[in-house]
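Here is how the chains run, residue by residue.
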Amino acid sequence: MINSSDHTLPDSEQDENPLAINDVAESVGDTYLSEQHAEPVSEIDSLVSEYDEVTAIEDDCSSSENDTKLANVIDSQVSEYDEEPVDENVIDSIEHRVKLVADTMFIFDERAWFLAAMFNSDFYRINYNLNEVPVEALFEHFLTEGMTKNYSPSPAFDPVYTASILPAPETDDEVDKPVFYRWLKGHFKSITPHAMFDADFYLDRYSDLAESVSNPYAHFATTGLYEDRIPCKFLQLHVNSVFTTFEETPSNIEAIFSSIPIGCSERFCRQETQVIFKKIFMHELYKQQLDADIEVSPASLYSHFLTQGSLNRHRPTMLFNDAWYRDQLSNYTSNDKDTDTLREFKSLSADRIRELQVMGTSSSFLHWFFNGIQLDIVPTPLFDTDYYTKSHPDIRNNWKAHPFMHFIETGHKEPFRRYSELFDNNFYKRNIGKLHFNSALLDFTLHGQFEGVSPAAGLQLEHFPAKDPINCSSVEEAAIYFKRRTRKLSSGPVANMIKKATALEPQLVRPYGMRAVRMAPLFHPETELMHDMSEIVPKLNKTQYDTIILMPHCRLAGSANVAGQFTKTVAQLSDSENILVITTDLSAFERPDWFPESIDVFDLSEHTAEVPQERKVRILLDVVRGLRPNNIVNINSNLGWHLTNTFGKQLSAWMNIYFYLFCWDRDQKGNKGGYPIQWFLPSFDYATAVFTDNTTLRTELQNRYCLTDAMRKKIVTLHTPAAQTQLNYQNALAERSTNKGVRRIFWSGRFDRQKRVDVLFAVAKRLPDIEFWVWGKSVLYDSEIKMSSAPENVRLMGTYLSLDDLPIASCDCFLYTSGWDGLPIILIDVASRGIPIVASSVGGVGDLVNDATGWPVVEYANPDAYCDAIDTLLADYPEALSKAQAGREHTLALCNEELYEQTLKDTMQL
Amino acid sequence: MTTSKLSLGVVLTAHGEGAMAAVSYNSLLEACQYAEERDIEVKKMVVLDKPSAQTSVIFEGLGDDTTILETNFGDQGLVRNAAVESSDCDLIAFLDGDDLWGENWLYEAHTFLSKQDEKTIAHPEFNWFFQGVSSVLIGLDQDDPKFNTDFLRFGNYWDAMCMAYRSAHLAIPYCERKIKEGFAFEDWHWNCETVWKGFNHKIVNDTIHFKRRRQNSQTLEASGTKSLMPATEITSFANLESFSTAA
């Protein structure tokens, strides 16, 4: 048996060796960069458009100092190599081989010795699947069989390249001769049979050979290849780059040669091939696989890949998945749908397909690039040809080559391209927030998958753990899983049944094109909902509540105050521990003191902030359905309105539904809008009752929609109870009757469009001798009025927690200028304290402020009307206090806790 | 026929499918033949529920080996319940009047269920959707570690074209579909109820069903109108614990 050292002629033989010939092989010069002999591959050719990119590596790698450093290392290795003993007792000895050559080829000179020495049995056996042939018989196999099939005897011989540069046969007899035979017989000295060997370069680089070696190629093929001697400038540049950057041992030249699929040496070096490689090479991905914690240029990383990475199965690009490619290659059949065959039928003979399927000593990436492409194998599970073409009409209509070639060339760098159902660039970007790398796919592999971010709606990646996340990420694992599961649809008994069923119903295979795959709960539109709820349900204190109250948030707003009052009352009337308040629209609960301590409060909005509206509704539906309350009450929850608008009919079959309405709104065009306008009609039919906080809105709704008596009774007014019934400012304000100093008016509210701060300022301007003390803040920020433009007699006092903390006794009356309203809590608070009021007569204000209880201003946008009312009020302050006292009594009678409780009890049957 | 084998009743339900029901019936005949050739007794039944004239014509003059049952429910679930009541077979398999079975479905599902107890329900490995959509749903076995009962609150794992013991259908009949009230998905509901009551939904490997998705199909109509599944214990949070305990 021959071992690796047998590739080198023994030193003792070299001097007398017939190979020590004087003929100098004709240099092939730069033929490996020539296009003249190229085999055109249309897909690859179509990709080439940016030849200029290939210069980067060359610029990085041309250091003579490095060459010297490298040569020293090589020399030390060469000397070690030469000292290895040769086993003389093997059957397959050089002499035996020479004799076989003489017997079969009738070659008796140095060429016989050359062939005997250059034959690489391991290379030959692996690449031609000859495991069953005894090792000692491989050489003879080549002579008698392999040569006739144009097999290559060594990584240093490229039969395709050689055939392309051999002169045309001169005799008929020569036509049928194998390439190797023709070359050895007639062109051994004149033609170099491998595109990556440059004789001039070789002799120039290795001066030790200049005098002793007359056929540099023969030396390389028999000796230099195994001494890691660099055969051409192209490789030298990359080898040097790696050596100087990574300080790793020099590249194994035999391994590099062996990694290039047989017959592809010329195409490998070709400029356009290198352009494509660089286009798809992802240096960030590659660097992640090295333990190099140093700054490395992309060009050096690329050199590392070419000379070492492809041999070590380092992944050069997200577009290539080694395991997937090997699986596709071994399972390849010419009509296998899983291989994403070209739409245009390409005829390949069975023998040719078998040849292409053998990976042999090739690196899997290079094998795919040179061979797998010919089989139309897509080397990543994350590219779906049908999906790509269906999603992009430009490719469907105009691209003539395989769509994956488009993806390689430009598609993978175009964020809008859709290439797999399992990876949605936009979805991923939305979920990850900020990309750390240019490509979403790369970002996911290097970053997102470790953050648990899914790249497609409904895809639950926890079911697809990645053993080697860089080489095969979790989403690729998912893609492989689904492709394997659906392989049955393409071949085997299930595929046969599809064919039979299609004979019954030809529509069965339509619509053509991409067939979406779903599997609950791994990849299904509803899975995200399940995922959302799996986080929400454990955070609920209980699994069942009797009453659920939906509110948007709890900020300093009247509706939140009402929600607190409503909850307190329901808690008094029922089991308070069976009440749940859910904030649906915003995470804010600023006034927990407005609510009983015994109830549960749950912030749903915290879990739904990033969720699309439709899914928010489904989440709330599941919460409400799952908690099975008897009553659900919506107090200004926008999501709650959406819920009942969509599912109110069904929910009403399971529970009582109540709505709370306060007032309509006015939009920028002055038209009415808001919940009573938008949601009343679509939800009213499913409501058990609708609460309003004032009679005006109730009457308006009853009349607008011409409700029947039974329907009218469904609208119930709940005047919010006054919070303090004992506090009366009459005595304190009585002193203001004799006040000869400054008159003061206080105003309190949101500095928003609704509250008409503009009217307040106009009134203040008209009454310059009166001070206006103003409390409040902007909440909606929708007013065009800047508070900085306030007249000099307006003092901005900030906000307060309790009305009773304010210096009300220093003021003469309360001014309210709202443009529309329900029955605001501030009015109840002020009126119940016996304070004189001038207020716009809008919405539910009239329930409290009338001519007997205060000074209602019908022309609510007219500053002069307010001024008149204020003048009248101040002109007779005892009369003002008298009206205020009447207002206090009226308010306490109307906004009464007992009345509120009884009404609620009757309506909700608590 | 081997008397020790379980008898199999196959039920095609049709209403307004017209000529499409003929395709489904041919699919049923092929699957029956496949099973009968393998020594399984099959009793064929066609239930015409408020059938259109075109649908009725399709099934006029069928041979004696097919029982024709006419109903007036206008409701798929109730139709299936009536078919179960009328059948005397051990196992029942349903086929909707616009869908198809893979040829081996009856044989493989029957063979599978014959080795299982009466609380097992068989489903195909694949549901192939065609015409209106182009998709494939891979079935999931209830015993698969990936199975999650919670998903039933949001989506349906399996459709009604299952094969199950008649006793299962008698124990848990389909609910009425009330689309006007906003409720549909009687098959989903049935799956929830059966899971809740301890039945086991299993996948039969290498089997496939073909589901036509017409623009005006009832399923699409139900989805479009935002129908919900009727109430079932599985949607109650109070019952979640029992599942996690069981798991």
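Sequence positions are assigned chain by chain, starting from 1 and proceeding in written order. Following the order in which they are written, the chains are lettered starting with A and the ligands numbered starting with 1. Side-chain atom pairs in this predicted model are given and counted only at pLDDT of 80 or more, local residue features only at pLDDT of at least 70, and totals for whole chains, interfaces and linings cover all residues. Side-chain measures here rest on the full set of heavy atoms in the structure, leaving out hydrogens and waters.

Engineer: Describe the interface of chain A and chain B, and please don't skip the residues or the numbers.
Structural biologist: Contacts were defined at the residue level, with two residues in contact if any of their heavy atoms lie within 4.5 Å. Chain A puts 51 residues into the contact, and the matching count from chain B is 53 residues. Here chain A packs against chain B, burying approximately 4,600 Å² in sum over the two surfaces, 65% of which is carbon and sulfur. Here's the idea: put two parts together, see how much 1.4 Å probe accessible area each one loses, and the total over both is what we call buried area. Ranking the residues of chain A by area buried against chain B places Met-497, Leu-504 and Arg-515 of chain A at the top, with a combined share of 13%. The term salt bridge refers to a pairing of a side-chain nitrogen on Lys or Arg with a carboxyl oxygen on Asp or Glu at a separation within 4 Å. Scanning the region where chain A abuts chain B turns up eight salt bridges. A salt bridge links Glu-614 of chain A to Lys-226 of chain B, with the nearest nitrogen and oxygen atoms 2.7 Å apart. Polar contact is defined as a pair of N or O atoms within 3.5 Å, subject to the rule that within protein one atom must be able to donate a hydrogen and the other to accept it, and that residues adjacent in sequence are counted only when both atoms are side-chain atoms. Inspection of the region where chain A meets chain B yields 23 residue pairs in polar contact (both at pLDDT 80 or more). Looking at the side of chain A that touches chain B, the elements that each hand over two or more residues are α29 (474-485), α30 (493-504), β1 (516-518), α31 (527-536), α34 (613-627) and α35 (638-654) of chain A. Across three bridges, β1 of chain A lies against strand β7 (residues 135-138) of chain B in parallel orientation. Along β7 of chain B, the bridge assignment pairs Arg-518 of chain A with Leu-137 of chain B. Here a strand is any run of E in DSSP of at least two residues, a helix any run of H or I of at least four, and the numbering for each starts at the N terminus. For two strands to pair, DSSP has to find at least two bridges joining them.

Engineer: So what about the packing of helix α15 (residues 233-246) of chain A against helix α20 (residues 298-309) of chain A? Which residues, and what values?
Structural biologist: Residues and elements named next belong to chain A. Working convention: axes come from line fits to C-alpha atoms, limited for helices to the stretch in contact. Angles between N-to-C directions cover 0 to 180 degrees. Packing of α15 against α20 leaves a shortest axis separation of 8 Å and a crossing angle of 115°. Comparing their axes, α20 and α15 come out roughly perpendicular. Judged by the twist between their axes, the crossing of α15 over α20 is left-handed. From α15, Phe-234, His-238, Val-239, Ser-241, Val-242, Thr-245 and Phe-246 reach across to α20, where they touch Ser-300, Leu-301, Tyr-302, Ser-303, His-304, Leu-306, Thr-307 and Gln-308. Amino acids are sorted into nonpolar (Ala, Val, Leu, Ile, Met, Phe, Trp, Tyr, Cys and Pro), charged (Asp, Glu, Lys and Arg) and polar (every other residue, Gly among them). Residue composition of the contact of α15 with α20, grouped by class: seven nonpolar, eight polar and no charged. Any angle from 65 to 115 degrees is called roughly perpendicular, while one under 35 is roughly parallel, one over 145 is roughly antiparallel, and all others are oblique. A crossing counts as left-handed when the near helix is turned anticlockwise from the far one by less than a right angle, and as right-handed when that turn is clockwise.

Engineer: Go over the pairing of β7 of chain B with me, naming the residues and quoting the values.
Structural biologist: Residue and element names in this part refer to chain B. A two-sided burial pattern is seen for β7, the buried positions comprising Ser-135 and Leu-137 on one face and Val-136 and Ile-138 on the other. Sheet analysis places strand β6 (residues 120-131) next to β7, joined by four bridges and oriented antiparallel. Pairing of Phe-126 across the sheet is with Ile-138, part of β7. Relative accessible area decides the class of each residue, using a 1.4 Å probe on protein chains only: under 20% of the type maximum gives buried, over 50% gives exposed, and in between gives partly exposed.

Engineer: Break down unusual backbone geometry for me, with residues and values.
Structural biologist: Residues and elements named next belong to chain A. Backbone torsion omega between Arg-510 and Pro-511 reads 0°, so that peptide bond is classified as cis. Structurally, Pro-511 is set in the loop between α30 and β1. With omega at -5°, the peptide bond leading from Ala-520 into Pro-521 counts as cis. Looking at where Pro-521 falls in the secondary structure, it is placed in the loop between β1 and α31.

Engineer: Describe the sheet that holds strand β13 (residues 794-798) of chain A, naming the residues involved and giving the relevant values.
Structural biologist: Pairing between sheet strands relies on hydrogen bonds along the backbone, with the strands arranged either parallel or antiparallel. Residues and elements named next belong to chain A. Sheet architecture is open: six strands sit in the order β13-β12-β11-β14-β15-β16, paired in parallel fashion. If you trace the sheet from one side to the other, it starts and ends with β13 and β16 (855-857), each paired once. Here the average twist between neighbouring strands, direction ignored, is 25°. Pairing of strand β11 (residues 743-750) with strand β14 (residues 813-816), which is carried by three bridges, proceeds in the parallel orientation. By the bridge assignment, Trp-747 is partnered in β14 with Leu-815. Sheet strands in contact with helix α41 (residues 757-766) are β11, β12 (770-777), β13 and β14, and its direction is about 165° off that of β12.

Engineer: Could you give me a rundown of the pattern of salt bridges, with the residues and numbers involved?
Structural biologist: As enumerated under the stated definition, the model contains 59 salt bridges over all chains in all. Note that Arg-484 of chain A and Asp-327 of chain A form a salt bridge whose closest N and O atoms lie 3.7 Å from each other. One end of the pair, Arg-484 of chain A, is in helix α29; the other, Asp-327 of chain A, is in helix α21 (residues 322-330), and 157 residues separate them in sequence. Under the relative-accessibility criterion, Arg-484 of chain A is labelled partly exposed at 43%. In this structure, the salt-bridge partner of Asp-758 of chain A is Arg-756 of chain A, at a minimum N-O distance of 3.0 Å. A network of salt bridges, in which partner residues are shared, links Arg-80, Asp-96, Asp-99, Asp-159, Arg-177, Glu-186 and Lys-211 of chain B.

Engineer: Give me the pairing of strand β3 (residues 579-583) of chain A: which residues, what numbers.
Structural biologist: Residue and element names in this part refer to chain A. Most of β3 sits out of view: five of its five residues are buried. Burial along β3 is two-sided: the residues Ile-579, Val-581 and Thr-583 and Leu-580 and Ile-582 are all buried. Strand direction decides the pairing type here: strand β2 (residues 547-551) and β3, joined by five bridges, are parallel. Counted as the bridge partner of Met-551 is Thr-583 from β3. With strands facing away from the observer, any crossover in which the path from the first strand over the helix to the second runs clockwise is taken as right-handed. Regarding topology, helix α32 (residues 558-573) serves as the crossover connection from β2 to the parallel β3, and that connection is right-handed. Bridge count between β3 and strand β4 (residues 600-603): four bridges; the pairing is parallel. Paired with Thr-583 across the bridge in β4 is Asp-603.

Engineer: Break down the side chain of Ser-439 of chain A for me, citing the residues and quoting the values.
Structural biologist: Residues and elements named next belong to chain A. Mapped onto the elements, Ser-439 comes out in the loop between α27 (425-432) and α28 (440-451). Of the residues examined, Ser-439 reaches a relative accessible area of 18% and is grouped as buried. One polar contact links the side chain of Ser-439 to the main-chain amide nitrogen of Leu-441, over a distance of 3.2 Å.

Engineer: Give me the lowdown on the packing of aromatic side chains, citing residues and values where you can.
Structural biologist: Between the rings of Phe, Tyr and Trp (Trp by its six-membered ring), a pair exists once the centres lie within 6.5 Å; its type follows the angle of the planes, with under 30 degrees stacked, over 60 edge-to-face, and the other angles tilted. In total, this model carries 80 aromatic pairs over all chains according to the counting rule given. Where Trp-641 of chain A meets Phe-659 of chain A, the ring centres are 4.7 Å apart and the plane angle is 40°; that geometry is what we call tilted. Of this pair, Trp-641 of chain A sits in helix α35 while Phe-659 of chain A sits in strand β6 (residues 656-661), placing them 18 residues apart in sequence. Comparing Trp-641 of chain A with Phe-659 of chain A, the two get one shared label, buried. Cation over ring: Arg-518 of chain A sits above Phe-523 of chain A, and NZ or CZ is 4.4 Å from the ring centre. Directly above the ring of Tyr-174 of chain B sits Arg-80 of chain B, whose terminal nitrogen or CZ lies 5.1 Å from the centroid. Two conditions define a charge located above a ring, namely a distance within 6 Å from the ring centre to NZ of Lys or CZ of Arg, and an angle within 35 degrees of the ring normal.

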